[in-house]
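Each chain, written out:
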Amino acid sequence: MLVNSRLILVFSNGVDEFGDPIHKTKSFNNIKPTATDEQLTAVASSLAPLQQWSLIQVDRTNLHSLI
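Residues numbered from 1 in each chain as written. Predicted model: local features only at pLDDT ≥ 70, side-chain atom pairs only at ≥ 80, totals over all residues. Heavy atoms only, no water.

What follows covers a nonpolar patch on the surface. On the surface, a cluster of nonpolar side chains totalling about 330 Å² of accessible area is made up of Met1, Val3 and Leu63. Its place among the elements puts Leu63 in strand β3 (residues 54-64). (Patch = residues over 30% accessible without salt bridge, like charges linked within 9 Å, V, L, I, M, F, W, Y side chains within 5 Å. Areas by Shrake-Rupley, 256 points an atom, 1.4 Å probe, with all protein chains shown as cover. Salt bridge = Lys/Arg side-chain N within 4 Å of Asp/Glu carboxyl O. Helix = DSSP H or I, 4+ residues; strand = E, 2+ residues; numbered from the N terminus.)

The next thing to look at is the sheet that holds strand β1 (residues 2-15). Read across the sheet, 3 strands follow the order β2-β1-β3 without closing on themselves; strand pairing throughout is antiparallel. Looking at which strands have only one partner, the edges of the open sheet turn out to be β2 (21-31) and β3. Strand-to-strand, the axes of this sheet are offset by a mean angle of 20°, without reference to chain direction. Two elements, β1 and β2, share 8 bridges in a ladder whose sense is antiparallel. Residue pairing for β2: Val10 is matched across the bridge by Thr25. (Pairing = 2+ DSSP bridges. Axes fitted to C-alpha atoms, helices over the stretch in contact; angles between N-to-C directions.)

A separate point is the nonpolar core. Among the nonpolar cores identified, the biggest contains 7 residues, and these are Leu7, Leu9, Phe11, Ile31, Ala35, Leu40 and Ala44. Secondary-structure elements contributing two or more residues to this core are β1 and α1 (37-47). In terms of residue count, the dominant contributor to this core is β1 (3 residues). Not counting residues up to four positions away in its chain, the partners in contact with Phe11 are Ile22, His23, Lys24, Lys26, Gln51, Trp53, Ser54, Leu55 and Ile56. (Core = buried A, V, L, I, M, F, W, Y, C linked by side-chain atoms within 4.5 Å. Buried < 20%, exposed > 50% of the residue type's maximum accessible area, 1.4 Å probe, protein only. Contact = heavy atoms within 4.5 Å.)

On to unusual backbone geometry. For Asn30, which is not a glycine, the phi torsion comes out positive at approximately 60°. Secondary-structure assignment places Asn30 in strand β2. With relative accessibility at 63%, the residue Asn30 sits in the exposed group.

What is shown is where atoms sit, not what they do.
Right, dumping it as structure tokens:
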């Protein structure tokens, strides 16, 4: 049974001195388990313009109870 979800936004924050990309993440815990992926994508799209970095990835992590 799905008991909890987390929404993770990954942003690009430039490159380091070796030319490797730097990523920053923002996590939102206690997302309703009943929220659909489409709803979370809409939320991420609404939050992205409010950030100073460019959104490059949106992830969802689900926690399931096995017993």
